[in-house]
Amino acid sequence: MPLLEGEEEIICNSVTDILGKLGTSREKLIPVLQQVQNKLGYLPTLAMHKIAENMKIPAVDVYGIATFYNQFRLNPPGKHQFKVCMGTACYMVGGNIALDSFERRLSIKEGETTPDREFSLERVACVGCCTLAPVVLVDEEVEGHVTPTRVDGILLTFETNGEKKTEEGTEEEGGSEV
Amino acid sequence: MKIATAAEHYAGMKAKAEQKINSLQEKTLIRVGAATCGLAAGAQKVKDTFVEEIKHKGLDAEIIEVGCMGHCYAEPMAIISKPGFPALCYGHMDEGLAKLLVEEFLGNDDPCYEYALVALEPNDIFPTFSDFPRDAYEKKIILEHCGFIDPEDIDHYLAREGYASLVKTLQMKPEEIISAMVDSGLRGRGGAGFPVGKKWTICRNTPSEIKYIICNADEGDPGAFMDRSVLESNPHQVIEGMLICAYAVGATKGYIYVRNEYPLAVQRVKTAIEQARKKGLLGSAILDSTFSFDLEVFEGSGAFVCGEESALINSMEGKMGVPQARPPYMAVSGFWGRPTVLNNVKTFAYVTAIIKKGAGWFREIGTEATPGTAVFTLVGKVANTGLVEVPMGTTLRQLVFDIGEGIPNDKEFKAVQIGGPSGGCLPEETLDIPIDFDSLEKAGAIMGSGGLVVLDEDDCMVAIARYFLEFTQQESCGKCTFCRLGTKHMLDILTRITQGKGSLADLDILQELAEDIKMGSLCNLGKTAPNPILTTLRYFRDEYEAHILEGRCPARMCKDLILYYIVPEKCTKLCNVCVGSCPVEAIYTREDGLKAIDQEKCVKCDNCLKTCPPEHNAVIKLSPPVLPEE
Ligand SMILES: Cc1cc2nc3c(=O)[nH]c(=O)nc-3n(C[C@H](O)[C@H](O)[C@H](O)COP(=O)(O)O)c2cc1C
Ligand code: FES
């Protein structure tokens, strides 16, 4: 994805900062990547190059680590993130149906971000509340029993309010025109 | 003479903690279950309501957050201890109930028994946990304090004799600790069941200036969360176990490897480490003795294979998490080439209990070959989901039907999936086998680290095999050809079968591939990856055949083999919910007023079936996907 205006400077500064704090020894590579991602939300190519340069290791090693571990993302997260639980319990009661619904509604696949960087979609493993399965994390808040109608409801609140609703638990049925 | 001071030092610390906890209990104490399961169900709002209401009413009460009690089905939960009443536990809490309890119980001495779940202490009025059927089976060693103490305040643990095992340890010789582990027969709970005493002996006997202890909290099974719950609910018991281990093998530095996706566990462990350090229970000259040990948290980046010990160590060294051939064993050459003991979260938690109560006590629990208890996350189609701890040797039937209280919604039991991606699906006829490492392996599954998913008639066995295979295929690190390509090939075949495009010959190929992958893989990820397929083939071959020969999914789960149909005789014509519920406008009203589904448009999202009012239940799934004649 193309960088936004001024993003380059932010990237360079963050990387310098974090390397300054954690040092440049090889075993710090994963913690450094974690902190960079915490700061920027993802690992831009530029950041990976900077890290490789400073740690004096080949860029491919950094890229290798970044793509090996599930935690790292190479594209920017959306302003709102949907993480669909695909743990065993959720999958068995229709986690994939919820994922399908998001994919259909947002016209992106899991792991992608909408072009306006508004929404991103991911799958995660068991988030620890299988009783509420199927579960979706909406900006880190848990939504349980997510049916396709609920998916519509969640998206609708974002679209009408332009921001996340604060009230929870009220199930909006119907209202599926988006 | 150091030893006397350690005990004295501890006694002072404990007395202070007790005083603090006792003073807490003099007034009303509200404990809100705030592990991930509770928070997910809305514990934060419940806690906030308590705080607000109590402040609003000007009442005097203390509110603390505790971990998970294991009854996750009833979250959010709160325990209210009011002087003069037995401590009462309330389940399915919400803001309204919190408000009511503050008003009626705290304000008016009416405990609202109708909302209470259970009392914690014996009393004349209300049943306690010992009146629950599951109590007869449960035996809590690891979960003993979980849900009752504040994991973010070390004093709660200290007041319950926490760190007493450490003091005892400091008065023993390292060899004595190790022989206690050998005598206890404790086997590692990370999945493989390796004897702990043996591992520690090897490490102790390997001379080295520097040795490491690592606690494996990677917990890769996509359907399990007990290690996280333990760390979130009682991190100190694990830390204490690690201290004991360090003392026994002569290590000075330890790491807890927690996955980054567990932010709450990471934070609570870090808090616990800090508090232990402040009390002089971690760091140099622990409790004024000559023993020094310090701990750090390493945040894993979420790769299943990193749960494997050599891969875990590679990832800690900043490399890709790829397993290595053994020997040398970790206990001889591990982290940075130094002798390293790596054990699971629960394993360390047992260590603390064994030192406290003795190896003989531990041996009495469980079976001869596998003493102790087993901790499971009981989830899926079972009434009481949550964390359970039972002695080894308990049968699966007891676990599912007595403790879990069976299958909800009058559905029929089909199988238990045990051991996650490395485990297997066991049918009804195997339910009487006792739970222990060896019996489960004989049946084709594995103990694993404790994920247990109950499946009912609506769950397709081919689909679940495919689900786990998709997982292992994605998580294969790619080092071994058979694991990398073999799992891909198997996944392709399974996908074809779930689409109704398989052939009987595919089943033989699956069997063959399974053997090859088992042989040709270095680590247990590959070696066990075929298990979900092998067990389902062994016990549920008829389901595979139905997919292949009839294009039918018996559980009506595989999308390509079902269609949704509105039964004309059942449709009332009067309501419109299905039409509104359809995300793709595939449902229309026919000329005769009945609703019908445009099969071309239908995306099989299950919505109409869920929304059709239960008194009609007009929407059904058909497999094979053939429309009935009207
Ligand atoms: C693919 C794979 C994943 C594993 N995941 C875990 C895990 O999540 N947690 C764990 O404690 N052990 C896991 N193990 C087992 C470890 O390699 C190791 O045997 C264990 O942590 C040793 O501790 P124990 O002796 O206390 O069981 C895994 C093994 C394999 C092959
Ligand atoms: S499987 Fe989704 S929360 Fe456990």
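Reading the values: the criteria
Residues numbered from 1 in each chain as written. Chains lettered and ligands numbered in written order. Predicted model: local features only at pLDDT ≥ 70, side-chain atom pairs only at ≥ 80, totals over all residues. Heavy atoms only, no water. Helix = DSSP H or I, 4+ residues; strand = E, 2+ residues; numbered from the N terminus. Buried < 20%, exposed > 50% of the residue type's maximum accessible area, 1.4 Å probe, protein only. Domains from an automatic or database assignment. Buried area = accessible area lost by both parts, 1.4 Å probe. Salt bridge = Lys/Arg side-chain N within 4 Å of Asp/Glu carboxyl O. Polar contact = N/O pair within 3.5 Å; in protein donor to acceptor, adjacent residues only side chain to side chain. Near = heavy atom within 4 Å. Areas by Shrake-Rupley, 256 points an atom, 1.4 Å probe, with all protein chains shown as cover. Nonpolar A, V, L, I, M, F, W, Y, C, P; charged D, E, K, R; others polar. Contact = heavy atoms within 4.5 Å. pLDDT = per-residue confidence, 0-100. Axes fitted to C-alpha atoms, helices over the stretch in contact; angles between N-to-C directions. Parallel < 35°, antiparallel > 145°, perpendicular 65-115°, else oblique. Left-handed = near helix turned anticlockwise from the far one by under 90°. Core = buried A, V, L, I, M, F, W, Y, C linked by side-chain atoms within 4.5 Å.

Draft legend 1. The environment of I63(B), seen in detail. Residue and element names in this part refer to chain B. Structurally, I63 is set in strand β2 (residues 61–66). With a relative accessible area of 18%, I63 lands in the buried category. In the structure, I63 is positioned 12 residues away from V51 in sequence and 7.2 Å away in space, judged by C-alpha atoms.

Draft legend 2. Summary view of the domain arrangement of chain B. All names here are of chain B. Domain boundaries assigned for chain B yield domain 1 (3–158), domain 2 (162–362), domain 3 (373–456), domain 4 (461–549) and domain 5 (562–622). Each of domain 3 and domain 4 was reduced to a C-alpha centroid, and the two centroids are 22 Å apart. Counting the surface domain 3 buries against domain 4, the share from its top three residues, K414, P421 and C425, is 42%. Applying the counting criterion to the domain 3 and domain 4 interface returns one salt bridge. For the salt bridge of K414 with E543, the shortest nitrogen-to-oxygen distance reads 2.7 Å. The interface formed by domain 3 and domain 4 includes six residue pairs in polar contact (both at pLDDT 80 or more).

Draft legend 3. How the structure looks around the site of ligand 1. All names here are of chain B. Within the structure, ligand 1 sits among 18 residues, and G190, E219, N343, N344 and T347 are positioned closest to it. Here G220 contributes a backbone N or O atom positioned 3.1 Å from an oxygen atom of ligand 1. In isolation ligand 1 offers 610 Å² of accessible surface; the protein chains occlude 91% of this area. Contributing elements (two or more residues each) for the shell around ligand 1: β9 (340–344) and α20 (524–528). Of the residues contributing to the shell around ligand 1, the split by class is three nonpolar, nine polar and six charged.

Draft legend 4. Spotlight on helix α22 (residues 541–550) of chain B. All names here are of chain B. Among the residues making up α22, those that are buried are E543, Y544, A546, H547 and I548. Buried residues along α22 sit against β12 (413–418), α17 (461–475), α18 (481–498), α19 (504–520) and α21 (531–539). With its phi angle positive at about 60°, G551 sits one or two positions after the end of α22.

Draft legend 5. Representation of the confidence of the model for chain A. Residue and element names in this part refer to chain A. Of the residues in chain A, 89% reach a pLDDT of 70 or more, and the chain-wide mean stands at 85. Taking the mean pLDDT of every element in chain A, the minimum, 84, falls on strand β4 (residues 141–143) and the maximum, 94, on helix α3 (residues 45–55). Within the model, the stretch residues 163–178 combines pLDDT values under 50 with 35 contacts to residues more than four positions away or in other chains.

Draft legend 6. Local environment of the packing of α18(B) against α22(B). Residue and element names in this part refer to chain B. For the pair α18 and α22, the least separation of the axes is 8 Å and the interaxial angle reads 65°. By the angle between their directions, the pair α18 and α22 is classed as roughly perpendicular. The segment α18 lies against α22, with L494, I497 and T498 engaging Y544, H547 and I548. Class assignment of the residues belonging to the contact of α18 with α22 gives a composition of four nonpolar, two polar and no charged.

Draft legend 7. Representation of the packing of helix α2 (residues 29–40) of chain A against helix α4 (residues 59–68) of chain A within the structure. Residue and element names in this part refer to chain A. α4 packs onto α2 with a crossing angle of 65° between their chain directions and a minimal axis gap of 11 Å. Comparing the axis directions of α2 and α4 gives the class roughly perpendicular. At the point where α2 passes α4, the crossing takes the right-handed sense. Two secondary-structure elements touch here, α2 through L29, I30 and L33 and α4 through V62, I65 and A66. Looking at the contact of α2 with α4 residue by residue, the class counts come to six nonpolar, no polar and no charged.

Draft legend 8. Highlighting the interface of chain B and chain A. Listed as interface residues are 60 residues of chain B and, on the opposing side, 43 residues of chain A. Note on chain B versus chain A: buried area summed over both sides is about 3,800 Å², and carbon and sulfur give 57% of it. Joining chain B to chain A, the criterion identifies one salt bridge. With its nearest N and O atoms 2.7 Å apart, the salt bridge here joins D100(A) to K559(B).

Draft legend 9. Seen up close, the nonpolar core. If you look at the biggest cluster of nonpolar residues, it comprises 166 residues, and the most contacted ones within it are F82(A), F102(A), Y163(B), W200(B), I213(B), L510(B) and Y544(B). Per element, the largest residue contribution to this core is 10 residues, and it comes from helix α10 (residues 235–249) of chain B. Excluding residues that lie within four positions of it along the chain, L510(B) makes contacts with M490(B), I493(B), L494(B), I497(B), I533(B), L537(B) and Y544(B). Counting residues in hydrophobic clusters, the runner-up holds 45 residues, among them V32(A), L33(A), I51(A) and C480(B).

Draft legend 10. Examining unusual backbone geometry more closely. The amide bond that connects A133(A) to the next residue, P134(A), takes the cis arrangement and shows omega of -5°. With respect to the secondary-structure elements, P134(A) resides in the loop between β2 (119–124) and β3 (136–138). Along the chain, P327(B) connects to P328(B) via a cis peptide bond; the corresponding omega equals 5°. Located in the positive-phi region is L287(B), a residue other than glycine, with phi close to 50°. Secondary-structure assignment places L287(B) in the loop between α11 (263–278) and β8 (294–300). With relative accessibility at 1%, the residue L287(B) sits in the buried group. One non-glycine residue, W336(B), lies in positive phi territory at about 50°. On the secondary structure map, W336(B) appears in the loop between α12 (309–316) and β9.

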